[in-house]
Amino acid sequence: MARKHSKTRFDLAKAIGWVKGTVVFLFLISGVINLLALTGSFYMLQVYDRALTSHSVETLIGLSALAIGLYLIQGLLDISRSQILVRIGAKADQKLTPLAHRVAIDMPRFGYSPAEAMDRGRDVDVLRQFISGPGPTALLDLPWMPVYFIFVYLLSPWLAALVAGGALVLTMLTLATELIMRKYGQKAQTATVARATLLDSNVHNAEVLRAMGFRGRLIDRFETANREHLSLQMRATDLSGTLSGVSRVLRMILQSAVLGLGAFLAISGDISAGSIIACSVVAGRALAPIDLAIGQWKNLVMARRSYRRLGETLASIDEAAPLVDLPPPQTSLKVEKMTVTAPGSGLVLLSEVSFELQRGQSVGIIGPSGSGKSSLARALVGVWPLIRGSVRLDEADVRQWDADALGQHIGYLPQDVQLMSGSVAENISRFDPKAEGRDIINAARMAGVHELILRLPEGYETQLGPKGASLSAGQRQRIALARAIYGRPFLVVLDEPNSNLDAEGEAALAGAMLELKEAGSIVVVIAHRPMAIGTVDTIGVMQGGRMVAYGPRDDVLAKFVKPQSPRLVTRPAVAPAATA
């Protein structure tokens, strides 16, 4: 199948279009439920005006039996409506959560904080909880309010006018609730994200805060953000609760006013005594959806905001025709005029970087801090998108690949090593459910970590805590190296792979790089320490976001690196103009 030249954005409304038919069905069920809700009024009307006046026990029994049957039908329909809404929420969650999670994982690549990404990931939960709650029930019942007005009008136009006036007042109260909650809702959400961002930062830097004694200052900072968050939340909740309380009081006053006016009309001979009770019951039932809607308006505002943000979030997903399955790369890597900017700030990190490697070759990228080395690594593996230029494997731009399919041919060891919650074997195999044990062990042996893993409490089945916190930095780096070279991928990018390694680990790293080259892999290594580039064929020197030199290792080192230096410190040839 050929690829489409144009992409279409993910349309949330279209994706959940299946729900429209169900909503129409629920609307019709709600109509039946609201008609059956008149059962109590009809029952009271008939009991007072027929059974009591005729003193007929048979009539009372017949009316009671009919009322009980109608109540049971109403109850069954109400339960069915509630269960359908729960299943709609669950089905929407099942369809949208994986997509939202996919985008949330990518958000930090584009400058968003982890807290913002997690907040976007919770939008589906907010939407599902609202759909499964009482809010949609109130919205489905609101359009059927005229049924009650018509019933009251048939009994007394005066009472109908009173009920309609009360409904108008409550509707205006609902609009006021909407305006107030819209004002505070966004502020409260912003404060929530700010608090979560501080919490995430403090937790991730717990060791530094404790060791250097400024934990208390960061707690104070978090407390300030938390106070702002609580203030806005309390203000919004107080206003919502106040308006909801006012709504209930007005509804009770209105029901009493209906009784009072009904009594006056009954004394005047305009209506019967049964009509008084019937109108009071109907008035309460007619205004209940408005009262419930006001009480649920905060949740409605949150669900509406989550729906809008979810649409914006998922719109970043490109829906394109399936890509052609390209054969595994096995010949070359070409970087052509690569230009990259920092996510969020737009600062140029790499400018016009070009180089080429063939099968079995390796390159060491050196340069001062802030020269763009790590940015180059992220761009090569697709973590950061290119503004201009291209990265080609066997002449094919990497954008012609499906991301997950391309990832099978790439190994990446980032500078900041993070392992996943799971077993050591799962981490090395990249959580491949079909992974073979021998492939996992081969990768561990290449990384020189096999014996270390065997000494863990449960060997390869040892469960790692969050981010591999149960291991030392060196152990994490060596297991992450095994993950990067698992399956001997064609392109292996290593960013400071020996920053936490001892002499034994560095020797294992050098052996792994030689073995990868012999197997036909292309290895790109970012280095500050000479041991990491002892086996490379070529050297690229980065300064100011540009590659200022590229060539055979010994030639470049002789020209750009200070002799007898324990670290690779390039001579200041070009002043840096960008930061990595």
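In short, a report on the structure.

Conventions used here
- Residues numbered from 1 in each chain as written.
- Predicted model: local features only at pLDDT ≥ 70, side-chain atom pairs only at ≥ 80, totals over all residues.
- Heavy atoms only, no water.
- Helix = DSSP H or I, 4+ residues; strand = E, 2+ residues; numbered from the N terminus.
- Buried < 20%, exposed > 50% of the residue type's maximum accessible area, 1.4 Å probe, protein only.
- Contact = heavy atoms within 4.5 Å.
- Areas by Shrake-Rupley, 256 points an atom, 1.4 Å probe, with all protein chains shown as cover.
- Core = buried A, V, L, I, M, F, W, Y, C linked by side-chain atoms within 4.5 Å.
- Salt bridge = Lys/Arg side-chain N within 4 Å of Asp/Glu carboxyl O.
- Pairing = 2+ DSSP bridges.
- Expected span 1.5 Å × (residues − 1).
- Bend = angle between axes of the 7 residues up to and from the residue.
- Axes fitted to C-alpha atoms, helices over the stretch in contact; angles between N-to-C directions.
- Parallel < 35°, antiparallel > 145°, perpendicular 65-115°, else oblique.
- Nonpolar A, V, L, I, M, F, W, Y, C, P; charged D, E, K, R; others polar.

Assigned secondary structure in the chain consists of 21 helices and 14 strands. Per-residue burial over the chain gives 44% buried out of 580 residues. Sequence-distant contacts in the chain: of pairs separated by 6 or more residues, those separated by 24 or more amount to 76%. Surface summary for the chain: the accessible area is close to 29100 Å², and the carbon and sulfur share equals 61%.

Within the largest apolar cluster, 42 residues are counted, with the highest numbers of intra-cluster contacts made by V424, I428, V449, I453, Y460, I485 and L494. Contributing elements (two or more residues each) for this core: α16 (424-428), α17 (437-446), α18 (450-454), α19 (473-485), β11 (491-495), α20 (503-518), β12 (522-526) and β13 (538-543). Here the element with the most residues in this core is α19; it accounts for six residues. Among residues more than four places away in sequence, those in contact with I428 are I440, A443, A444, I453, Y460, I479, A482, R483 and Y486.

A side chain of one charge can pair with a side chain of the opposite charge if their charged atoms are brought near each other. Inspection of every chain in the model, using the stated rule, returns 13 salt bridges. Between R438 and E436 there is a salt bridge, with its nearest N and O atoms 3.8 Å apart. Given the relative accessible area of 57%, R438 is considered exposed. Residue class for E436 comes out partly exposed when judged on its relative accessible area of 39%. Across the pair R553 and D554 runs a salt bridge, and its minimum N-O distance is 3.4 Å. Classification of R553 by relative accessible area gives partly exposed; the value is 23%.

Below, the discussion takes up the pairing of strand β5 (residues 362-366). For β5, a buried count of five out of five residues is recorded, marking the element as mostly surrounded by other parts of the structure. For β5 and β13, the ladder comprises four bridges, and the chain directions are parallel. Considered in β13, the bridge of I366 is made with V541.

So, about helix α4 (residues 57-106). Between its first and last C-alpha atoms α4 spans 73 Å; for 50 residues at 1.5 Å apiece the expected length is 74 Å, and the two agree. In the structure, α4 departs most strongly from a straight axis at L96, where the bend amounts to approximately 35° and where the proline P98 lies between one and four residues downstream.

With antiparallel pairing, the four strands of this open sheet are ordered in space as β4-β3-β6-β7. Strand pairing shows two members of the sheet lacking a second neighbour, β4 (348-358) and β7 (396-397), which therefore form its edges. Bridge count for strand β3 (residues 332-341) against β4 is seven bridges, and the pairing is antiparallel. Residue L333 lies in a different strand from β4, and its bridge partner there is L357. Contacts from helix α14 (residues 373-380) reach β3, β4 and β6 (388-393) within the one sheet, and its direction differs from that of β4 by about 65°.

For the rest of this paragraph, the subject is the environment of T237. In this structure, T237 sits in helix α11 (residues 215-267). Judged by its relative accessible area of 36%, T237 falls in the partly exposed class. C-alpha separation for the pair T237 and K298, spaced 61 residues apart in sequence, amounts to 7.8 Å.

Time to look at the packing of α4 against helix α6 (residues 123-132). Think of two packed helices as two axes; the pair is described by the angle between the axes and how far apart they sit. As a packed pair, α4 and α6 sit with axes 8 Å apart at the nearest point and diverge in direction by 175°. Classed by the angle they form, the pair α4 and α6 counts as roughly antiparallel. Mapping the contact onto sequence places L85, V86, I88, G89, A90, D93, L96, T97 and A100 in α4 and V124, D125, R128, I131 and S132 in α6. Classifying every residue of the contact of α4 with α6 by side-chain character gives eight nonpolar, three polar and three charged.

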